[in-house]
Amino acid sequence: MVSECAIQKLRSSIRGQVLYPGEQGYDSTRTLPNAMINRRPAAIARCAGVADVLACVRLAREHDLLVAVRGGGHSVAGKSVCDDGLMIDMSMMKGIRVDPVRHTVRAQTGVKLGEFDRETQAFGLATTQGVVPTVGMAGLTLGGGWGQLHAKYGLAVDNVIGADIVTADGRMLTVSANENQDLFWGIRGGSGNFGVVTSLEFRLYEVGPVFGGAVFYPTEKAEEVLKFWREFAAESPDELVTQGGSFRLPDGVPVFGIAACYCGALAEGEKVLKPLRTFGSPLADALSPMSYVQIQSMFEPFFPPGRRVYTKSNFLRELSDEAIHAMMPFVAKSPSPYTFAPFIEHWNGAATRVAPTDTAFPHRQYEWNFLAWSMWTEPTDDEKNVQWTRECWEAIKPFLVAGSYGNYVTDEGEAIAREAYGQNYDQLVALKNKYDPTNFFRLNHNIKPSNVPNAAHAD
Ligand SMILES: Cc1cc2nc3c(=O)[nH]c(=O)nc-3n(C[C@H](O)[C@H](O)[C@H](O)COP(=O)(O)OP(=O)(O)OC[C@H]3O[C@@H](n4cnc5c(N)ncnc54)[C@H](O)[C@@H]3O)c2cc1C
């Protein structure tokens, strides 16, 4: 527990707000979009700047407090809030500055994807971020960052050129290709394991209107559609990103949908996507030219806050006929109308041409990522939805590799962390030993230092 005196000290030393249980803003800040998570920190610090973050880390260290760091709050595992301890909330830190000449942007880590895209697009620029605008830029980027531009420009981590980070010893370090290179490597995929990142700098690209949207097929055609998509995707240019699976439209109609974004010339995009529109008899074709900001908000209505969320995800060894067949019993069969499963992302192009050890994010060799992303509303339905998600994943498991994108995984523990960090795990442990030997930052897919002096700090 945090002593009253410690919190008073924090309150008097930060520019932002310190919130106690019962105070206005406390509940709304501790509440994550995933309603399965309900934790009550002893105090929440809503930081206004780097000095506040430094004060929080130093105080938490001095008083041996558990620390949770919240960016956009979308961690499906609920890692950005803790019971007791101190929640460091970055959501008020929304400074963002685009340099239209150098094609870079520096953003503080309270920025959400919609805000990020809006600011960069004001200059006709963009870089890879995820596809739901309410998600936090920080959590997404530090864990990897897959999105509509990844095939052309790489993952979000591949475009980070610098960051400021407050480390466990209460210092702020600048990391880049020239400064603290080891930590620069580690934050690009090592999630929040190494400190509180206060700002990130990215490379930007000229991105105009895109040709994209989605095509919806009847769920009975899912097997044929998947086989067709597999062949179609084999010829996918770097400008094109596709993802698809079984879900329901907002009016409740079950569909097998494929969403697409072509970020090159519009006429070429129309040509490239023609086979997708003319295959079989789609229920609806919602592909058209649109602004990048528009396509980046396409999924938002499907992910309102307050739904209960449980997810499983691993990369597929290959999208074989057998793997496709194994998915079929689950198409349109989720107990909840809000679930996306089975669902698949195509990982291709630039993101897959980076060597697995170039960044801490290791998963560069797989073409297809499998997700079972369950969402429902009633606590009484928890068991049946979690169980269905696991059954769906178990059925596909023979076709999955051990590697998984940590940002998509609810379950936790050392085995999951090893799946998330893959071949880079040991190097990340060495880095953790150097920068966070007591495992001060442990609410994440945790990389345990090998020399933790206090067993309590190792979970
Ligand atoms: C609706 C939805 C859509 C998604 N779409 C995509 C997508 O298109 N592409 C994709 O790649 N991922 C996607 N994701 C996954 C997403 O990348 C992760 O959920 C990510 O962790 C969210 O980041 P956040 O800042 O919102 O979350 P938070 O819950 O705030 O943080 C997640 C983790 O990052 C750590 N963290 C956050 N901020 C900082 C910081 N400043 N310094 C250090 N550590 C920090 C937290 O401590 C926590 O461990 C999606 C998730 C959801 C729920």
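Counting from 1, residues in each chain are numbered in the order their sequence is written. pLDDT decides what is reported in this predicted model: residues at 70 or higher carry local features, side-chain atom pairs at 80 or more are listed and counted, and totals for whole chains, interfaces and linings draw on all residues regardless. Derived side-chain values reflect all non-hydrogen atoms in the structure, with water molecules and hydrogen atoms excluded from consideration.

**Some remarks on helix α12 (residues 382-396)**
Each full turn of the α-helix corresponds to 3.6 residues, which orients residues three or four apart in the same direction. Spelled out, the test is: Think of it this way: any DSSP run of H or I at least four residues long counts as a helix, any run of E at least two long counts as a strand, and we number them from the N terminus. In this analysis, the expected span of each helix is defined as 1.5 Å times one less than the number of residues it contains. Only protein chains enter the accessibility calculation, which uses a 1.4 Å probe; a residue whose area is less than 20% of its type maximum is buried, one above 50% is exposed, and one in between is partly exposed. Working note: the arc is built from the helix axis to C-beta atom directions. What makes two residues a contact is simply this: any of their non-hydrogen atoms within 4.5 Å.
If you check α12, its first and last C-alpha atoms are 22 Å apart, about what 15 residues at 1.5 Å a residue would give, namely 21 Å. Turning to α12, its buried residues are Asp382, Asn385, Val386, Trp388, Thr389, Cys392, Trp393 and Ile396. Down the axis of α12, the buried set is contained in an arc of 160°. They therefore lie on one face. Residues of α12 that are buried in the fold lie against β16 (308-315), α11 (321-327), β17 (340-346) and β18 (368-376).

**Looking at the site of the ligand**
Definition in use: We call a residue near a molecule or strand when any one of its heavy atoms sits within 4 Å of it. In protein, a polar contact requires one atom able to donate a hydrogen and another able to accept it; more generally it is a pair of N or O atoms within 3.5 Å, and residues adjacent in sequence count only if both atoms are side-chain atoms. Computed with a 1.4 Å probe, the accessible areas rest on the Shrake-Rupley method; for each residue, only the protein chains presented here act as cover. Lys, Arg, Asp and Glu make up the charged group, whereas Ala, Val, Leu, Ile, Met, Phe, Trp, Tyr, Cys and Pro make up the nonpolar group; the residues left over, Gly among them, are polar.
Taken together, 32 residues are adjacent to the ligand, and Gly71, Gly73, Ser80, Trp146 and Tyr405 come closest. Contacts to the ligand include Ser75, whose backbone N or O atom sits 2.8 Å from an oxygen atom. Thr109 is positioned with one of its side-chain polar atoms (N or O) 3.4 Å from a nitrogen atom of the ligand. Out of a free accessible area of 950 Å², the ligand has 96% covered by protein chains. The biggest single contributor to the shell around the ligand is helix α5 (residues 137-143), with four residues. Residues of the shell around the ligand, tallied by class, amount to 15 nonpolar, 15 polar and two charged.

**Points about the side chain of Asn369**
One can find Asn369 in strand β18. On the accessibility criterion, Asn369 (0% relative accessible area) is buried. Separated by 3.4 Å, the side chains of Asn369 and Ser313 make a polar contact.

**Points about the sheet that holds strand β6 (residues 104-108)**
Here is the rule: One bridge is not enough; two strands pair if DSSP finds at least two bridges between them. Lines fitted to the C-alpha atoms define the axes, with helices restricted to the stretch that makes contact. Angles between their N-to-C directions range from 0 to 180 degrees.
Taken together, five strands build an open sheet; the order of strands is β5-β6-β10-β8-β9 and the sheet is antiparallel. The outermost strands of the open sheet, each flanked by one partner alone, are β5 (96-99) and β9 (172-176). Across the sheet, the axes of successive neighbouring strands diverge by a mean angle of 10°, strand direction being ignored. Judged from the five bridges that link them, strand β8 (residues 160-166) and β9 form a sheet pairing that is antiparallel. Its bridge partner being in β9, Ala163 is matched across the sheet by Val175. Contacts from helix α4 (residues 113-121) reach β5, β6 and β10 (196-203), with the element oriented near 35° to β5.

**Considering the sheet that holds β18**
A sheet is described by the order of its strands in space; here seven strands give the open sequence β15-β12-β14-β13-β17-β18-β16, paired in antiparallel fashion. Looking along the sheet, the strands with just one partner apiece sit at the ends: β15 (284-290) and β16. With strand direction ignored, the average angle separating the axes of adjacent strands in the sheet is 15°. Of the strand pairs in this sheet, β17 and β18 are connected by five bridges, and their pairing is antiparallel. Paired with Phe340 across the two strands is Trp373, which belongs to β18.

**Re the pairing of β18**
On any regular strand, side chains alternate: one points to one face of the sheet, the next to the other face. Counting buried positions along β18 gives nine out of nine residues, so the element sits mostly inside the fold. In terms of strand pairing, β16 meets β18 through eight bridges, oriented antiparallel. Looking across to β18, one finds that Asn314 is bridged to Phe370.

**Brief notes about the packing of helix α1 (residues 4-13) against helix α3 (residues 50-62)**
Short version of the rule: Convention used here: angles under 35 degrees read as roughly parallel, angles over 145 as roughly antiparallel, angles from 65 to 115 as roughly perpendicular, and any remaining angle as oblique. Each crossing gets its hand from how the near helix is turned against the far one by less than a right angle, where anticlockwise is left-handed and clockwise is right-handed.
Where α1 contacts α3, the two axes come as close as 10 Å, and the packing angle between them is 165°. With respect to each other, α1 and α3 are oriented roughly antiparallel. Crossing geometry of α1 relative to α3 is assigned as right-handed. Together, Ala6, Lys9, Leu10 and Ser13 of α1 and Ala55, Cys56, Leu59 and Glu62 of α3 make up the contact between the two elements. For the contact of α1 with α3, the class distribution of residues is five nonpolar, one polar and two charged.

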